[in-house]
Amino acid sequence: MSIRSFFRRILGGERTSEAAATNALEATRARLERIVEIAADAIISVDEDHCIILFNRGAEEIFGWDREEVIGRPLDILLPERFRHLHGAHLDRFAEGPEAARHMGQRREIAGVRKDGWEFPAEASISRLDTPSGRVFTVVLRDVTEQKKAEHTQRFLADASSVLARSLDYEATMAGLARIALPHLADWCVIDVAAESGVTRIQATHSDPELDPVVRELQRYPPEASRPHPTLTVLETGKPELIERVTDEFLRGIAADDRHLELLRRLGVGSLLVVPLVARDRTLGAFALVSSDPARPFGSDDILLAEELGRRAALAVDNARLYEAAREAVAARDEVLAVVSHDLGNPLSAIRVSARVLDRMLDAQKIDDAGDQVDAIRQAADQMERLIRDLLEIRRIESGRLRLVRRPERVTELVERAARSVRGLAEEKSVTLERAVAAGLPEMMRVDADRVHQIFSNLVGNALKFTPPGGTITIGADPAGDGIRFWVRDTGPGMPSDALPHVFDRFWQAKQHGSPGVGLGLAIARGLTEAHGGTVDVESREGHGSTFSFEIPVNGVEP
């Protein structure tokens, strides 16, 4: 039935003898026809047998059927199969009820089904009209897929923000991000963060608990610069990367070895989406989402949602980092206060006592005996000055305000200067001082000689502190790639293996029971070495002494 025929049926087919009335009726029909035809909503009418008698252009676009294909067919073809046996009964009850119109889906969601079988959510209203040709039911239906998707997205992002805000712990925030994304956005995911040494993989999670141990093994395979990887591109550009259809050739290209490739194939990588974690214009990391099913590739909507989730996660991660930095700063402040109060307290007490004794000597005219007290005051003042100097030095290093004055220096002279400066102290402690400079070293290198001497002083001073009388300290230098490795070896008591990762931490030595010193010397040595673009290391075993070393590029490479 055409729309014109439909409205003739609704409005009546009898023509009046009066021309004006006839013209008015035709005008009304024409207006209704145009309104129904251009409406974006689906307008569908059925007769008492529930067969379709009107199907406008909006209905054609929403359901995918042509008008000629559905006219005369039962309304059931537009409904999901699970609802068909209920819909006829609902329509009959509405026909016998007192209401002439009603909004459908008041108690539950309703749905339609397109010609291709794709189901979609809908909102609809129904009206009943008795016409000269019989009862007609008209449904006005709207596809609310995008509306439902937007509502779902907003709920998802609101829930995500709530989860991300629950903790200021960095690792907990990353774990929360992975839990949020699965399975709503992806089947499994990995999270990589940018680090000074490259890329660190800190999270790998699967929505299937049975496959979670498999995906966790991927944490051993972070992206490496030696192989192309979309995560590296995202970290560099700060923009998302989408590989809609992942091929086995692509997997072979990013796999580090056969085991890595086996894991990827077992997990399934049908589609890959990588979005950046950006906060305060800094790309903190990358969030890789994987759809295992090739039939469910990521699209543009997924990119927008993943990017928004990434932005919120990055802010949460950045807040967690700032919180952790604030906690470390407070802890460092407390450490400084504790160390300063302790290490300045001792020399201040010495100054107080010596000053009282000196005062009594001066009153008793014992001028000749006052020298010892003056020396004690001077030594205490020197100790206080060294502590203040070390605190200022470590502050300059950590704030990046340390300046180096690089000049060509003789390598052998650097070693000799270090030995000369501690010869007297070594003799006083009955410790043998030796030198071991390897053959084939470059004659010159560009360094800040005073800073290198300061490194040596801290390392040798530390060795003297722990080497017993009769022991030996050796200062040496060896070639090491494009640099030189300087080292200080002692025959002291050595250290346990669990202490080695911490020896260059500031205040670490001061925290050890019975260890003298403020605990800044080795931290300063590390900072000065890194300022030269070098690295520090330590080798030690309990009962076998220790070897502290620092390696510096010959040509003054910037850090």
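Residues numbered from 1 in each chain as written. Predicted model: local features only at pLDDT ≥ 70, side-chain atom pairs only at ≥ 80, totals over all residues. Heavy atoms only, no water.

S.K.: In this structure, what is going on with the packing of aromatic side chains? I would like to understand it.
M.R.: Tallied over the full model, the rule gives 7 aromatic pairs. Their ring planes at 45° and their centres at 6.3 Å tell us that phenylalanine 55 and phenylalanine 63 sit as a pair that is tilted. Exposure class is identical for phenylalanine 55 and phenylalanine 63. Each is buried. Ring geometry for phenylalanine 63 versus phenylalanine 120: centroids 5.5 Å apart, planes at 65°, classification edge-to-face. One end of the pair, phenylalanine 63, is in helix α3 (residues 57-63); the other, phenylalanine 120, is in strand β5 (residues 119-131), with 57 residues separating them in the sequence. (Phe/Tyr/Trp six-rings, centres within 6.5 Å; stacked < 30°, edge-to-face > 60°. Buried < 20%, exposed > 50% of the residue type's maximum accessible area, 1.4 Å probe, protein only. Helix = DSSP H or I, 4+ residues; strand = E, 2+ residues; numbered from the N terminus.)

S.K.: Just to check I follow, could you spell out the packing of helix α15 (residues 449-466) against helix α17 (residues 521-531) for this structure?
M.R.: Packed helices, taken two at a time, are described by the angle between their axes plus the distance between the axes. Where α15 meets α17, the axes come as close as 9 Å, and the angle between the chain directions of the two elements is 150°. Relative to α17, α15 is oriented roughly antiparallel. In this structure, α15 meets α17 at a crossing whose hand is left-handed. From α15, Arg451, Gln454, Ile455, Asn458, Leu459 and Asn462 reach across to α17, where they touch Gly521, Leu522, Ile524, Ala525, Leu528 and Thr529. Tallied by class, the residues present in the contact of α15 with α17 amount to 6 nonpolar, 5 polar and 1 charged. (Axes fitted to C-alpha atoms, helices over the stretch in contact; angles between N-to-C directions. Parallel < 35°, antiparallel > 145°, perpendicular 65-115°, else oblique. Left-handed = near helix turned anticlockwise from the far one by under 90°. Contact = heavy atoms within 4.5 Å. Nonpolar A, V, L, I, M, F, W, Y, C, P; charged D, E, K, R; others polar.)

S.K.: Would you take a moment to explain the sheet that holds strand β11 (residues 282-291) for this structure?
M.R.: Strand pairing in a sheet relies on backbone hydrogen bonds. The paired strands run either parallel or antiparallel. Spatial ordering of the open sheet is given by β8-β7-β11-β10-β9, a layout of 5 strands whose pairing is antiparallel. Bordering the open sheet on either side are β8 (198-206) and β9 (241-243), each of which pairs with just one other strand. Here the strands of the sheet are splayed against their neighbours by 15° on average, with no regard to which way each runs. (Pairing = 2+ DSSP bridges.)

S.K.: Looking at this model, I keep getting lost on the sheet that holds strand β16 (residues 483-490). Mind explaining?
M.R.: Ordered in space as β13-β15-β16-β18-β17, the 5 strands form an open sheet in which the pairing is mixed. Each edge of the open sheet is held by one strand with a lone partner, namely β13 (432-437) and β17 (535-540). For this sheet, the mean inter-axis angle between neighbouring strands, taken without regard to orientation, is 15°. Along the sheet face, helix α14 (residues 411-428) touches β13, β15 (472-480) and β16 and points at about 175° away from the line of β13.

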